[in-house]
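Structural overview for review
Take a look at the letters that make up each chain.
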Amino acid sequence: MKQGHFLFSMVSLGLALLLLGCGRDGDGPPELKEFPREKTLYVGGFQWGPPITFSPLHITPAWPITGNMNLIYESLFGYNQLSGNIEPIIGLNHALQGRKLTVELNPAARWHNGDSLTADDVYYTFDLHRRYHTTFHGHWNFLSDIQVEGRHRLVFTLKEENYNPYMMLDIISVTPILPKKIFAELERQASEELHGKSGKAPSDDEVFSRLQEHKNDKPIGSGPYTLQAYSNQTIVLSRVDDYWGNEAIRGGKLPAPTYIIHSTYTSNDKFSLALQQGNLDISQNFIPQVWTKFRHQVGTWYDKEPYYVPAIIPSLLMALTKAPFNDPAFRRASAHAINYDQIKRLAMYDYTPVLQPGYILPFGKEQVYFNAQDTEKHGVNYNPEKAREILSQAGYTWGADGLLIDPSGTKIRTLYASCPSGWNDWESTLRIAVAGMRSVGIDVREKFVEYPVWDRDLKTGNFDFTMRTPHAETSPSVPWIRFDKVMSSKQWRPVGEIMYENEGRYKNPSADSLLQAIPKLTDPEAVKEAFFAINRMFMQDLPVIPLMYRPWHLYQFSQKQWTNFPTEQNPHAPPQCLFVGAGIKALWEIRPADRK
């Protein structure tokens, strides 16, 4: 972990020093003895390094300032991974009729300073993202207008040319709503300061840059917790006892933890040890052989394989604009060479079901779109002999060294398969994939690089193979958005220019047309047939190679200090780490362990 300076606000400095103490040798979080253990929930795995800012306008704000984590800033609705539905938070209900999505707000909602949360705040939030190039600016690719109809009602108008109800459900369940009074004042101050320095009206980009610099270390949100103190290793939240949702949503109950503390350790092993010892209550870190930790009162959603709820599909992206990746035969052969069962067993410790061909999960809410006959006919599975057969039929040969020669007679150069260094499960996965491809003569090597290098090369298309999860969460728009992230060319840019999706640069007008048509379909059978069709196209063209089904969250908990965590046998909340999306309702259900 990178070393950093302690970052405290002037107001919180004394309190933070008193409460947080000093770290020991950089091995883990400082001791926090002043927080009663039976009132404090310790979580880890969501913050990797010192918190730089708590601004919801920054590209990488510190935990928990994101739209999915409804602790300080809340979204209108929260996605429930188990049901596939979105559940009320600030919003009471939503209804779509044609291009109009009407949202009713809970009239009880209010900010931490006591001000009512109204439709004006919601309108201001979305308009802020329209005016500036924020993380949520892309939402306006699907929105044409928002109308305020009274204090607690808004009507969102979907774009006619890009009509997409799936994405609208995503949008209203991930966008954190901000207090207009506070952020409008920040805008005014930034504009006046910049105008005073230059003597001319500042541009939107200049104002937005200044807004991003705001630390926001005393955030006023609408959620059940607020920021109390923080250091380079620890973030402390304290409960808002008069949180509006206690009465309006939770039947008068308060969340069980008075404090939630995010702790940072320097390795996955230390996270694992802290969980076993009961010093950490919720962890989102990869723990090998988690079942061996059960005897230490560590639990997961399932008490047997696959232990976690599978939800996302890490994949091997390829540079499709250059040889040999521009040849579908080479892509299919590469995919046939990979031993997916070894990935399941050795890299993922069986935290994943058996991989099926295609890009649709064959279980859960997506199961209805999975066509077993199509996957049998068009799918790719582990079969090295088939890989060699495909290459031979496509005109490839092998040299005396056993390495592949392309149909023109040119030896294929050494290729590289990359992922961020230190991502142990991904590194193991790539080693297995590389070994499989090398076994059929493809000269490929692993390449593990620092995250910023990997991220830059990914976005600019500067890679051969690279591992990536194109849609790294689950949301109302799956499975459509998963295909869109790897097959849509609507944001296509040449190699060297930045792309945030379809980084392999796949381009197929038929795929574009189908992806645009699916969200407009209303008949369930037509929707199903359309997903069958896009999955067939995916299997035939293989724009990426699926590697495994992975959990959205590696949800694991210790029962030494707290009990009644949601599980398959006790599903009072989804396995979303107690504060992501609809998972936050678990905070009202857990309870301190019996210490008799």
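Keep in mind the model is a prediction, meaning the values are calculated, not measured.

As for the overall build of the protein chain
The helix and strand inventory of the protein chain stands at 16 helices and 24 strands. The C-alpha radius of gyration of the protein chain comes to 25 Å, within 12% of the 25 Å expected for a compact globule of 596 residues. Along the three orthogonal principal directions, the C-alpha set of the protein chain runs to about 75 × 60 × 55 Å. Residues classed as buried in the protein chain amount to 57% of the 596 residues present. Looking at the protein chain alone, contacts between residues at least 24 apart form 70% of all its contacts between residues at least 6 apart. Working note: accessible area of the protein chain is about 24,500 Å², and carbon and sulfur atoms make up 50% of it.

Regarding the sheet that holds strand β9 (residues 234-239)
The strands making up a sheet are joined through hydrogen bonds of the backbone, oriented either antiparallel or parallel. One open sheet holds the 7 strands; their spatial order is β8-β9-β10-β1-β11-β22-β12, and the pairing between them is mixed. Edge positions in the sheet fall to β8 (225-230) and β12 (298-300), since each of these pairs with one other strand and no more. Relative to strand β22 (residues 556-558), β12 runs antiparallel, the two being bridged by 3 bridges. Pairing of V298 across the sheet is with S558, part of β22.

Quick look at unusual backbone geometry
A cis amide bond links W63 to the next residue, P64, at an omega of 0 degrees. As for its position among the elements, P64 is in the loop between β1 (40-44) and β2 (77-79). Backbone torsion omega between V478 and P479 reads 5 degrees, so that peptide bond is classified as cis. Secondary-structure assignment places P479 in the loop between β19 (465-468) and α14 (480-487).

Remarks on the environment of L92
Mapped onto the secondary structure, L92 falls in strand β4 (residues 91-97). Given the relative accessible area of 40%, L92 is considered partly exposed. Separated by 58 residues in sequence, L92 and E34 have C-alpha atoms that sit 38 Å apart. Look past the residues within four positions of L92 in its chain and what remains in contact with it is F77, E104, L105, N106 and P107.

Concerning the nonpolar core
Residues L76 and F156 are the most contacted members of the largest nonpolar core, which totals 170 residues. The dominant element in this core, judged by the number of residues it contributes, is helix α16 (residues 524-541), at 7 residues. What F156 contacts, discounting residues up to four positions off in sequence, is L76, R99, K100, L101, V103, V122, F126, L143, D145, I146 and M168.

Quick look at the pairing of strand β14 (residues 315-318)
Residues of β14 alternate between two faces, with S315 and L317 on one and L316 and M318 on the opposite face, all of them buried. Where β14 and strand β20 (residues 544-546) come together, 3 bridges link them in antiparallel fashion. Its bridge partner lying in β20, S315 is registered against P546.

Quick word on the environment of E450
If you trace the backbone, E450 turns up in the loop between β18 (444-449) and α13 (451-460). The exposure class of E450 is exposed, given its relative accessible area of 53%. Once the C-alpha coordinates of E450 and C419 are considered, the two residues, 31 residues apart in sequence, prove to be 8.5 Å apart. Side chain to side chain, E450 and S421 meet in a polar contact 3.5 Å long.

Concerning the environment of N564
Position of N564 relative to the elements: it lies in the loop between β23 (562-563) and β24 (591-592). Ignoring sequence-local partners within four residues, the contact set of N564 consists of N570, H572, E589, I590 and R591. At a separation of 2.7 Å, a polar atom in the side chain of N564 contacts the side chain of N570.

Focus: the confidence of the model for the protein chain
For residues with low pLDDT, the predicted coordinates do not support detailed interpretation. The share of residues in the protein chain with pLDDT of 70 or more is 94%, and the mean pLDDT across the chain is 92. In the model, residues 1-31 has pLDDT below 50 throughout and makes 59 contacts with residues more than four positions away in sequence or in other chains.

Overview of the packing of α14 against helix α15 (residues 509-517)
The N-to-C vectors of α14 and α15 enclose an angle of 150 degrees; their axes lie 11 Å apart at closest approach. Comparing their axes, α15 and α14 come out roughly antiparallel. Here the hand of the crossing between α14 and α15 comes out left-handed. Taking contact as the criterion, the partners of W480, F483, D484 and M487 in α14 are, on α15, A511, D512 and L515. Here the residues of the contact of α14 with α15 are counted per class, giving 5 nonpolar, no polar and 2 charged.

Describing α14
Working note: α-helix, 3.6 residues per turn, so residues spaced by three or four point in the same direction. Counting buried residues in α14 gives 7 out of 8 residues, a clear majority hidden from the surface. Among all positions of α14, only W480, I481, R482, F483, D484, V486 and M487 are buried. Its buried side turned inward, α14 meets α3 (165-174), β13 (310-312), α15, α16 and β20.

Description of the pattern of salt bridges
Within this structure, the stated rule accounts for 34 salt bridges. Where E193 meets R210, a salt bridge forms, and the shortest distance between an N and an O atom there is 2.9 Å. Of the two residues, E193 sits in helix α4 (residues 180-198) while R210 sits in helix α5 (residues 204-213), which places them 17 residues apart along the sequence. In this structure E193 comes out as partly exposed when scored by relative accessible area, which is 39%. One network of salt bridges, with partners in common, ties together D127, R130, R131 and E187.

Cut-off values and rules
- Residue indices begin from 1 for each chain and proceed along its sequence in written order.
- Given that this is a predicted model, residues contribute local features only at a pLDDT of at least 70 and side-chain atom pairs are listed and counted only at 80 or more, while totals for whole chains, interfaces and linings are drawn from all residues.
- Hydrogen atoms and water are omitted, and side-chain values are computed over all heavy atoms in the structure.
- Strands here mean DSSP runs of E at least two residues long; helices mean DSSP runs of H or I at least four residues long; both are numbered from the N terminus.
- Only C-alpha atoms enter the radius of gyration, while the globule expectation follows 2.2 Å times N to the 0.38, with N the number of residues.
- Only protein chains enter the accessibility calculation, which uses a 1.4 Å probe. A residue is then buried if its area is under 20% of the maximum for its type, exposed if over 50%, and partly exposed in between.
- Residue contacts are defined here by distance: any two heavy atoms, one from each residue, within 4.5 Å place the two residues in contact.
- We get accessible surface area from the Shrake-Rupley algorithm with a probe of 1.4 Å; when it comes to residues, only the shown protein chains can shield them.
- Paired strands, in this sense, are two strands between which DSSP finds at least two bridges.
- By convention a nonpolar core is built from buried Ala, Val, Leu, Ile, Met, Phe, Trp, Tyr and Cys residues, the set being connected through side-chain atoms within 4.5 Å.
- In protein, a polar contact requires one atom able to donate a hydrogen and another able to accept it; more generally it is a pair of N or O atoms within 3.5 Å, and residues adjacent in sequence count only if both atoms are side-chain atoms.
- A residue's pLDDT is simply how confident the predictor is in it, with values from 0 to 100.
- Axis angles are defined between N-to-C directions and span 0 to 180 degrees, where every axis is a line fitted to C-alpha atoms and, for a helix, only to the segment in contact.
- Oblique is the label for any angle not covered by the other classes, which are roughly parallel (under 35 degrees), roughly antiparallel (over 145) and roughly perpendicular (65 to 115).
- Helix crossings get a hand from a simple test, with the near helix turned counterclockwise from the far one by less than a right angle marking a left-handed crossing and a clockwise turn marking a right-handed one.
- Polar here means any residue other than Ala, Val, Leu, Ile, Met, Phe, Trp, Tyr, Cys and Pro, which are nonpolar, and Asp, Glu, Lys and Arg, which are charged; Gly is therefore polar.
- Every case where a carboxyl oxygen of Asp or Glu lies within 4 Å of a side-chain nitrogen of Lys or Arg is listed as a salt bridge.

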